[in-house]
Structures are given as C-alpha cells and as structure tokens.
Amino acid sequence: MKPRSIVFDLFGDYVRYRGGVARLRTLTALMSCFGVNESTARVVIARLRNEGWFEVRRDGRESLYALNDKSLRLLDEGRARIFERERDDWDRHWHLVIYSVPETRREVRDHVRKELAWLGFGPLAPSTYISPHDRLRQVADSLADQPGVRLDILRCQSSGLAVDREMAARCWDLNELNAAYQTLMEEYRSRPPAYRAAALSPLDALVERMRLTHDYRKFPFRDPDLPVELLPDGWVGRAAHEMFLQAHELLRTQAEKFYDEVAGG
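What you are looking at is a predicted structure, and each value in this text was computed from that prediction instead of being measured. (Residues numbered from 1 in each chain as written. Predicted model: local features only at pLDDT ≥ 70, side-chain atom pairs only at ≥ 80, totals over all residues. Heavy atoms only, no water.)

Colleague: I'd love a proper account of the pattern of salt bridges, names of residues and values included.
Modeller: Where charged atoms of side chains with opposite charge meet at close range, the side chains can pair. Within this structure, the stated rule accounts for 21 salt bridges. Residue Arg-4 is joined to Glu-51 by a salt bridge in which the shortest nitrogen-to-oxygen separation is 2.6 Å. One end of the pair, Arg-4, is in helix H1 (residues 3-13); the other, Glu-51, is in the loop between helix H3 (38-50) and strand E2 (54-59), and 47 residues separate them in sequence. A relative accessible area of 37% places Glu-51 in the partly exposed class. Here Glu-62 and Arg-23 are joined by a salt bridge, their closest N and O atoms 2.8 Å apart. Remark: Arg-23 occurs in strand E1 (residues 21-23) and Glu-62 occurs in strand E3 (residues 62-67); sequence separation between them is 39 residues. (Salt bridge = Lys/Arg side-chain N within 4 Å of Asp/Glu carboxyl O. Helix = DSSP H or I, 4+ residues; strand = E, 2+ residues; numbered from the N terminus. Buried < 20%, exposed > 50% of the residue type's maximum accessible area, 1.4 Å probe, protein only.)

Shown next, in the form of structure tokens:
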C-alpha cells in the first residue's frame, strides 16, 4: 500500500465520519501501522496539502488537517464507485464517446482515457469508448476543463445481442477480470467467521479492513458493471462485491475502536 493511498483511505473510512478533521500526529501514528515511518508520512501529507487536498489549521502546537470541497468530492466519487456498484436494467442502448485531442497534448489524451475508464467506458476503437450506462453527463462535466478536447457524445444501439456481447468482449478482458475476482474471493472467503467473532485486535482489524479496501479498490476501475446479458458464464464479480461489503462491515466496530483510541490518545 502506497503512503498516499493510506492517507486517502484513512480520511475516506474514518476521518470524514468524525468531523472531517485529523491531527497530524494521529495520521502519522496510524500510517506507522503500515510500516510508514514518521518522516515519510509527514512528507506525503505535506505534498497532499500543497496539492490542495486538505486545509490546515493550528490548535496550539498541533496541526489539524481538514477535508475541503476538492477532497470530499474525490472521496464521494470513489466511495460511490466502490460501494454502490451498478445494478440497473439495460435497455440495450450503448452510450458512446468519440474524443479528439491534438497530437501535441499527449498528457491530456492520457487523462481522457483514464477518466473514461474510471467512469466505466471501454475502448471499442481508437478514440472511441462505449458504456451500457448513461454517464454521458459525467463525462462532459469531468472533461470540460481539459484544453483542446472535443467530444462527440451519442446514444446508439447494435443489430442484436450477439453483437453486443462481441463488443463487450472486445472492450474488456472479462475472462481475466473474472479470474482476478476468483483470486480475491479465494483469499478472503474464509475470514468472515473470524471477523464476526471479533477475533482480531482493534489494530489488526483496522489494518485488515484497509488492506481489504486496497485489494478490492482496483476492481471498480477495471469492471464496467456490465448488464448480466453481457457477462460470461460463471461470473463471480457480484459475489465478490457482496463478500467485500460484508467483510468491510464486520471489521468496522473493531477498526473504528482503534482509530478512536489513537485519535483520542
């Protein structure tokens, strides 16, 4: 786990539900649970502050880090993608984005691709991305400030379900993704009884819960939440999501107990 990700996970799962403010010593103490020494933690947190993710104020000799509109928006978007996976009925329409970026703006083109992937769009052809979900307004809003980007946004339909399935297989490596889900389930499926029995110490519960989130977080970025009609046989993605939600909740009480002990100590 990268120190930067640890900071955002601490704010996303704990700090934001406790007033949105954390002392610097609380953050460095919690990061030490993951092998991040204090000097490294301070450097990472300072960089995030300089990037505008947090507001800082003083309380005597201590620094307090608070969420702002920018960081809250990031946490809200991330939490929605991780915890609230799409389950809507499909009307067999695709939502299509064709983008154009000047050749000299490679970094902008890379950003557009990453943003489309984050929103669940897959590459059907060069500069052409599709999604079964209507997120076209989110695409337009998220890319509105990118210089030189032109977007053609369409709603369309193929000639039949067989074509739809072929398009989905072209845009996403569903078999590889399903295998990754199976690996995740094999790693965690035997652990809920221990979580339920509170067999982990509060410290271990917080570490386990954050590692679980870290291990699962990559899937919403890769998984477009396709309708069941487009999924391959034996798909375990939805079972993996339910397992994640259950394990995350079972660890909550013990993990929050440790956070509160550190924050109040």
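Colleague: Tell me about the nonpolar core, residues and numbers included.
Modeller: Most often, soluble globular proteins keep nonpolar side chains buried together rather than apart. Judged by nonpolar contacts, the single largest core of 63 residues is most densely connected at Phe-11, Phe-54 and Leu-206. Among residues more than four places away in sequence, those in contact with Phe-11 are Arg-16, Gly-20, Ala-22, Leu-27, Phe-54, Tyr-65, Leu-67 and Leu-75. (Core = buried A, V, L, I, M, F, W, Y, C linked by side-chain atoms within 4.5 Å. Contact = heavy atoms within 4.5 Å.)

Colleague: Explain the sheet that holds strand E4 (residues 94-100) residue by residue, including any values.
Modeller: Spatially, four strands are ordered E5-E6-E4-E7 in an open sheet, and the strand pairing comes out antiparallel. Looking along the sheet, the strands with just one partner apiece sit at the ends: strand E5 (122-125) and strand E7 (150-156). Neighbour to neighbour, the strand axes of the sheet diverge by 30° on average, direction disregarded. Relative to strand E6 (residues 128-131), E5 runs antiparallel, the two sharing three bridges. Bridge pairing in E6 links Gly-122 to Ile-130. Sheet contacts for helix H7 (residues 161-171): E4, E5 and E6; angle to E5, the most-contacted strand, approximately 110°. (Pairing = 2+ DSSP bridges. Axes fitted to C-alpha atoms, helices over the stretch in contact; angles between N-to-C directions.)

Colleague: Account for the packing of aromatic side chains, naming residues and giving values.
Modeller: What the rule picks out here adds up to 13 aromatic pairs. Taking the centre distance of 5.6 Å and the plane angle of 15° together, the rings of Tyr-14 and Tyr-259 count as stacked. Of this pair, Tyr-14 sits in the loop between H1 and E1 while Tyr-259 sits in helix H12 (residues 252-264), and the two are 245 residues apart along the sequence. Neither Tyr-14 nor Tyr-259 differs from the other in exposure class; each is buried. A ring pair is formed by Tyr-99 and Tyr-129, whose centres lie 6.1 Å apart and whose planes are at 45°; its orientation type is tilted. Taken together, the residues span a long stretch of sequence, with Tyr-99 in strand E4 and Tyr-129 in strand E6 at a distance of 30 residues. Using a relative accessible area of 4% as the deciding quantity, one classes Tyr-99 as buried. Residue Tyr-129 is classed as buried on the basis of its relative accessible area of 9%. Of note, Arg-81 hangs over the ring of Trp-118, and the distance from its end group to the ring centre comes to 4.9 Å. (Phe/Tyr/Trp six-rings, centres within 6.5 Å; stacked < 30°, edge-to-face > 60°. Lys NZ or Arg CZ within 6 Å of the ring centre and 35° of its normal.)

Colleague: Give me the pairing of E2: which residues, what numbers.
Modeller: Taken together, the six bridges between E2 and E3 define a ladder with antiparallel strand orientation. Along E3, the bridge assignment pairs Glu-55 with Ala-66. Hairpin connection between E2 and E3: a loop of two residues separates the two successive antiparallel strands, and Gly-60 in this loop has a positive phi of roughly 65°.

Colleague: I'd like to hear about the pairing of E3, residue by residue, with values.
Modeller: Counting buried positions along E3 yields five of six residues, so the element is predominantly enclosed. Alignment of E1 against E3, held across three bridges, turns out to be antiparallel. Residue pairing across strands places Ala-22 opposite Tyr-65, the latter belonging to E3.

Colleague: Quick rundown of the state of the cysteines? Include the residues and the values.
Modeller: Taken as a whole and judged by the stated rule, the model has zero disulfides. A disulfide-free cysteine, Cys-156 has its sulfur positioned 11 Å from the sulfur of Cys-171, the nearest such atom. On the basis of relative accessible area, Cys-156 is assigned to the partly exposed category, the value being 27%. (Disulfide = S-S within 2.5 Å.)

Colleague: Give a description of the packing of helix H10 (residues 202-222) against H12 that names residues and reports values.
Modeller: Running from amino to carboxyl end, H10 crosses H12 at an angle of 110°, the nearest separation of the two axes being 7 Å. One element, H10, and the other, H12, form an angle in the roughly perpendicular class. Where H10 crosses over H12, the handedness of that crossing is left-handed. Side by side, H10 and H12 meet where Pro-202, Leu-203, Ala-205, Leu-206 and Arg-209 of the first sit next to Arg-252, Gln-254, Ala-255, Lys-257, Phe-258 and Tyr-259 of the second. Residue classes in the contact of H10 with H12 are distributed as seven nonpolar, one polar and three charged. (Parallel < 35°, antiparallel > 145°, perpendicular 65-115°, else oblique. Left-handed = near helix turned anticlockwise from the far one by under 90°. Nonpolar A, V, L, I, M, F, W, Y, C, P; charged D, E, K, R; others polar.)

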